[in-house]
Amino acid sequence: MNRSRVIGLQLGLLIAAAFAGCGIVGSLLLAFGVVAWWEVLAAGLICLVPSLLALVWNEWFVVGGFHRSHADAGSAVNAGQPSPGSAQAMSALGGMGLRMGVVATGIIVLPKVIPDWQTRPFFYSVLVVYLFLMVIETAFLLYELKQLTRTSAASPESR
């Protein structure tokens, strides 16, 4: 599967997972008599925005940087090239930093935008949607890094 298809599939799954997570939390809250759709939707968007930014971060800086560094190396073995493990760490730190910033901003801004803001539905939604999105991001990042490692190991320039 080429890279643009993987990105498109990941984008579609991230959006679907955000809506599914919001639907699950909203439905469970509704079953307990709590109507908090604004909080649930706000939490879903607050989780989706950094996931989409992390997708750009991963594709441009992490996976793209890993790919560029191995392509630029040519036949020489460069000890300073990033390994798949360091690319994973860079991805996790970048995504975590994005999420912490966006969620912190949401926690500060949301009470000013939604007058009867309740914290429990919001944080339930953040937890569920965040976990859904993180599973998808991690699976795709591992897939792409595995493909890049396999490609760079099989190429004649890397030998």
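Residues numbered from 1 in each chain as written. Predicted model: local features only at pLDDT ≥ 70, side-chain atom pairs only at ≥ 80, totals over all residues. Heavy atoms only, no water.

Caption draft 1: A look at the overall build of the chain. The helix and strand tally for the chain stands at four helices and zero strands. The proportion of buried residues among the 159 residues of the chain is 36%. The contacts of the chain with a sequence gap of at least 6 include a subset with a gap of at least 24, amounting to 79%. In the structure as shown, the chain presents an accessible area of about 9,200 Å², 73% of it carried by carbon and sulfur atoms. (Helix = DSSP H or I, 4+ residues; strand = E, 2+ residues; numbered from the N terminus. Buried < 20%, exposed > 50% of the residue type's maximum accessible area, 1.4 Å probe, protein only. Contact = heavy atoms within 4.5 Å. Areas by Shrake-Rupley, 256 points an atom, 1.4 Å probe, with all protein chains shown as cover.)

Caption draft 2: Expanded view of the packing of aromatic side chains. Scanning the model with the defined rule gives one aromatic pair in all. For the pair Phe122 and Phe123, a centre-to-centre distance of 5.1 Å together with 80° between the ring planes defines the contact as edge-to-face. On the accessibility criterion, Phe123 (36% relative accessible area) is partly exposed. (Phe/Tyr/Trp six-rings, centres within 6.5 Å; stacked < 30°, edge-to-face > 60°.)

Caption draft 3: Broad picture of the confidence of the model for the chain. Summarising the model, the chain shows a mean pLDDT of 77, and 72% of its residues fall at 70 or more. Summarising per-element confidence for the chain, the mean pLDDT is lowest in helix H3 (residues 84-113) (73) and highest in helix H1 (residues 3-31) (91). Contacts of residues 75-79 to residues separated by more than four positions or lying in other chains number two contacts, the stretch itself having pLDDT below 50. (pLDDT = per-residue confidence, 0-100.)

Caption draft 4: A look at the environment of Leu133. Here Leu133 shows up in helix H4 (residues 119-154). Note on Leu133: relative accessible area 0%, which makes it buried. When neighbours within four sequence positions are excluded, Leu133 is seen to be in contact with Leu14, Ala17, Ala18, Cys47, Leu48 and Ser51.

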